[in-house]
Amino acid sequence: MKQVPIVSHPAYQAALPDGHRFPMRKYGRLAEVVADMGLARNGFVEPEEAPADLIALAHDRAYVDQVLSCSVPREIERRIGLPVSESVVRRARASAGGTLLAGRLALQHGLSGTTAGGSHHGQRETGAGFCVFNDVAIAAKALHAEGAIKTALVVDLDVHQGDGTADCLRDEPDLFTFSMHAEKNYPVRKIPSDLDIGLPDALEDEAYLQALHAHLPRLLDAIEPDLVFFNAGVDPHRDDKLGRLCLSDDGLRRRDAYVIEQARSRRIPLVAVIGGGYSADIDLLARRHAIVFEAMAAWSEKE
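On a predicted model such as this, the values are computed, not experimentally measured, just so you know.

(A) Structural context of unusual backbone geometry. The residue after Tyr186, namely Pro187, is reached through a cis peptide bond having omega -5°. Along the chain, the position of Pro187 falls in the loop between β4 (175-182) and β5 (195-199). The backbone of Cys70 sits at a positive phi, close to 55°, despite the residue not being glycine. Mapped onto the fold, Cys70 is located in the loop between α3 (61-68) and α4 (74-80). According to the relative accessible area criterion, Cys70 is partly exposed, its value standing at 34%.

(B) Inspection of the packing of helix α8 (residues 205-223) against helix α9 (residues 249-264) at higher detail. Interaxial distance between α8 and α9 falls to 11 Å at its minimum, and their mutual angle equals 10°. With respect to α9, the element α8 is oriented roughly parallel. Taking contact as the criterion, the partners of Asp205, Glu206, Tyr208, Leu209, Leu212, His213, Leu216, Pro217 and Leu220 in α8 are, on α9, Gly251, Arg254, Arg255, Tyr258, Val259, Gln262 and Ala263. Residue classes in the contact of α8 with α9 are distributed as nine nonpolar, three polar and four charged.

(C) Structural view of the layout of surface pockets. Within this model, the largest pocket holds a volume of roughly 320 Å³. If you trace the largest pocket, you find 19 residues lining it, with His20, Phe22, Pro23, Met24 and Arg25 closest to the centre. Considering only residue class, the lining of the largest pocket consists of 11 nonpolar, four polar and four charged. As a volume, the second largest pocket reaches approximately 180 Å³. Looking at the second largest pocket, the residues that line it are Arg21, Arg79, Ile80, Gly81, His121, Gly129, Phe130, His160, Asn185, Tyr186, Leu242 and Tyr278.

(D) Representation of the sheet that holds strand β3 (residues 152-156) in the model. Ordered by their spatial adjacency, seven strands build an open sheet running β1-β2-β7-β6-β3-β4-β5, and the pairing between neighbours is parallel. Looking at strand neighbours, the two that pair on one side only are β1 (6-7) and β5, the edges of this open sheet. Along the sheet, α8 makes contact with β3, β4, β5 and β6 (227-231), crossing β4 at roughly 175°. Along the sheet, helix α11 (residues 291-302) makes contact with β1, β2 (111-114), β6 and β7 (270-273), crossing β2 at roughly 165°.

(E) Structural view of empty space enclosed by the protein. By the definition in use, this model includes four cavities of 30 Å³ or more. As a volume, the largest cavity reaches approximately 200 Å³. Those elements that place two or more of their residues in the lining of the largest cavity are α1 (26-36) and α5 (86-109). Of all the elements, α5 adds the most residues to the lining of the largest cavity, at three residues. For the lining of the largest cavity, the residue count by class is nine nonpolar, 10 polar and three charged.

(F) Up close: the state of the cysteines. Counted by the stated rule, this structure contains zero disulfides. Not part of a disulfide, Cys70 finds its nearest cysteine sulfur in Cys131, a span of 18 Å.

(G) Quick look at the environment of Ala94. For Ala94, the location among the structural elements is in helix α5. For Ala94, a relative accessible area of 0% gives the class buried. Between the C-alpha atoms of Ala94 and Asp60, which are 34 residues apart in sequence, the distance is 19 Å. For Ala94, the residues in contact, after removing those within four places along its chain, are His9, Ala11, Tyr12, Pro47 and Glu49.

Reading guide: rules and limits
- Residues numbered from 1 in each chain as written.
- Predicted model: local features only at pLDDT ≥ 70, side-chain atom pairs only at ≥ 80, totals over all residues.
- Heavy atoms only, no water.
- Helix = DSSP H or I, 4+ residues; strand = E, 2+ residues; numbered from the N terminus.
- Buried < 20%, exposed > 50% of the residue type's maximum accessible area, 1.4 Å probe, protein only.
- Axes fitted to C-alpha atoms, helices over the stretch in contact; angles between N-to-C directions.
- Parallel < 35°, antiparallel > 145°, perpendicular 65-115°, else oblique.
- Contact = heavy atoms within 4.5 Å.
- Nonpolar A, V, L, I, M, F, W, Y, C, P; charged D, E, K, R; others polar.
- 1 Å grid on protein atoms, 1.4 Å probe; cavity = no way out; pocket = protein on both sides within 12 Å on 5 of 7 lines; lining within 4 Å.
- Points joined across faces, edges and corners; volume = space filled by probe spheres on them.
- Pairing = 2+ DSSP bridges.
- Disulfide = S-S within 2.5 Å.

Put into structure tokens, the structure is as follows:
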């Protein structure tokens, strides 16, 4: 069976103060779950940590330098919601490097994923919402700048609107941003994507999938992207602490399978990042995040 390459790095799980509300332990547990399911039989592919010049493709250099020296202003650190410590900075750099590597692997193999990524609230000049650097924007701009891709489509299905990705890619007409999210959720002030679909609270599987079916095929046909970045956030789940939608596990499975099928049936490479997901039950949360890797493995068996 063809193996879908999966990128992972020990630094994806940073050290946080005891009792911090961000479920950082999900990253290490997700890697364990993916390995236990036999989805990385050849081992994970480990990325390099992104250097400053790479990160500055999507972010203001002054902000990049502040982060790398752990000297961001307190106001920005509060907006991020994480301590900008050496461990958190290393995580942000590894995550950006991981999404870029996964993008390269997707271009080679058709599908790839990383066990982190999807930090879509990271804006040009600031981090926000547990996001330091915007890994998808960095990877898209890097691949575009070097000529590996001419066009890309970001399919952001995290429950929160992808304001940071919209900001980082706003001057890139070839890098199209599509966000489908809970309209009344964070962020309150949204930065417009190329296409935003705001959904009402408490939307369940069928209505959610109907909305996705109404937009994704036409976008893929109109844009004909060289690469799809899929933010497979699991926070649209009905039990998520920070979500306002009501998807089931089966709804997430159908969503992920549909996005992968729509891209790959058109022979478009796809790279998956895990996005948001919030629960005190780390085991359950990691298994929810593993759904997208299962979906990629299932499709690869057909190809």
